[in-house]
Amino acid sequence: MSLLTPFLKLFKWDTTNETDLNSEFNVDKSMNDNWDKLDAKAQEYDNLITNIEDNISDIQDKNTQQDKLIQKLQSNMINE
């Protein structure tokens, strides 16, 4: 009986199983399906990283705006 990896559920041949050892190699099951799963997971992580980078950029922009407002307030207080 073939196996699946714990996290991504990738197909693996069970090398301790006679049925698997004597089976004909299936390219789609053994390779293509696994590559599709890996590619999809990589895309998920890429999207997550992009979202994190966007959030960091938004925070930096807000910090810059706040710094400008603080400087303006301080400048107004000094002039009064």
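Quick caveat: nothing in here was measured; it's all calculated off a predicted structure.

Colleague: Explain the overall build of the protein to me, please; I cannot follow it from the model alone.
Modeller: Scanning the protein from terminus to terminus reveals two helices and two strands. Starting at the N terminus and walking to the C terminus, you meet the elements of the protein as β-β-α-α. In summary, the protein has a C-alpha radius of gyration of 27 Å against a globular reference of 12 Å for 80 residues, an excess of more than 25%. Along the first, second and third principal axes, the C-alpha set of the protein runs to 90 × 20 × 10 Å. In the protein, buried positions account for 10% of the 80 residues.

Colleague: Mind showing me how you'd approach helix 2 (residues 27-79) here?
Modeller: Quick reminder: α-helices carry 3.6 residues per turn. Residues three or four places apart thus point the same way. With 53 residues, helix 2 extends 77 Å from end C-alpha to end C-alpha; this agrees with the ideal 78 Å at 1.5 Å per step. Of the residues flanking the start of helix 2, the one acting as N-cap is Asn 26, its side-chain oxygen 3.1 Å from the backbone nitrogen of Asp 28.

Colleague: Teacher, can you tell me more about the side chain of Asp 20 here?
Modeller: Mapped onto the elements, Asp 20 comes out in helix 1 (residues 18-21). Buried charge Asp 20 goes without a salt bridge, the closest partner of opposite sign being Lys 29 at 7.2 Å. At a separation of 2.7 Å, a polar atom in the side chain of Asp 20 contacts the main-chain amide nitrogen of Asp 14. Contacts of Asp 20, omitting those with residues within four sequence positions, involve Met 1, Ser 2, Lys 12, Trp 13 and Asp 14.

Colleague: Can you help me understand a negative patch on the surface in this one?
Modeller: Taken together, Asp 46, Glu 53, Asp 54, Asp 58 and Asp 61 make up a surface patch of like negative charges. Relative to the elements of secondary structure, Asp 58 occurs in helix 2.

How each quantity is defined
- Residues numbered from 1 in each chain as written.
- Predicted model: local features only at pLDDT ≥ 70, side-chain atom pairs only at ≥ 80, totals over all residues.
- Heavy atoms only, no water.
- Helix = DSSP H or I, 4+ residues; strand = E, 2+ residues; numbered from the N terminus.
- Rg over C-alpha atoms; globule rule 2.2 N^0.38 Å.
- Buried < 20%, exposed > 50% of the residue type's maximum accessible area, 1.4 Å probe, protein only.
- Expected span 1.5 Å × (residues − 1).
- Polar contact = N/O pair within 3.5 Å; in protein donor to acceptor, adjacent residues only side chain to side chain.
- Lys, Arg positive; Asp, Glu negative; His and termini not counted.
- Salt bridge = Lys/Arg side-chain N within 4 Å of Asp/Glu carboxyl O.
- Contact = heavy atoms within 4.5 Å.
- Patch = residues over 30% accessible without salt bridge, like charges linked within 9 Å, V, L, I, M, F, W, Y side chains within 5 Å.
- Areas by Shrake-Rupley, 256 points an atom, 1.4 Å probe, with all protein chains shown as cover.
- Charge placed at Lys NZ, Arg CZ, Asp CG, Glu CD.

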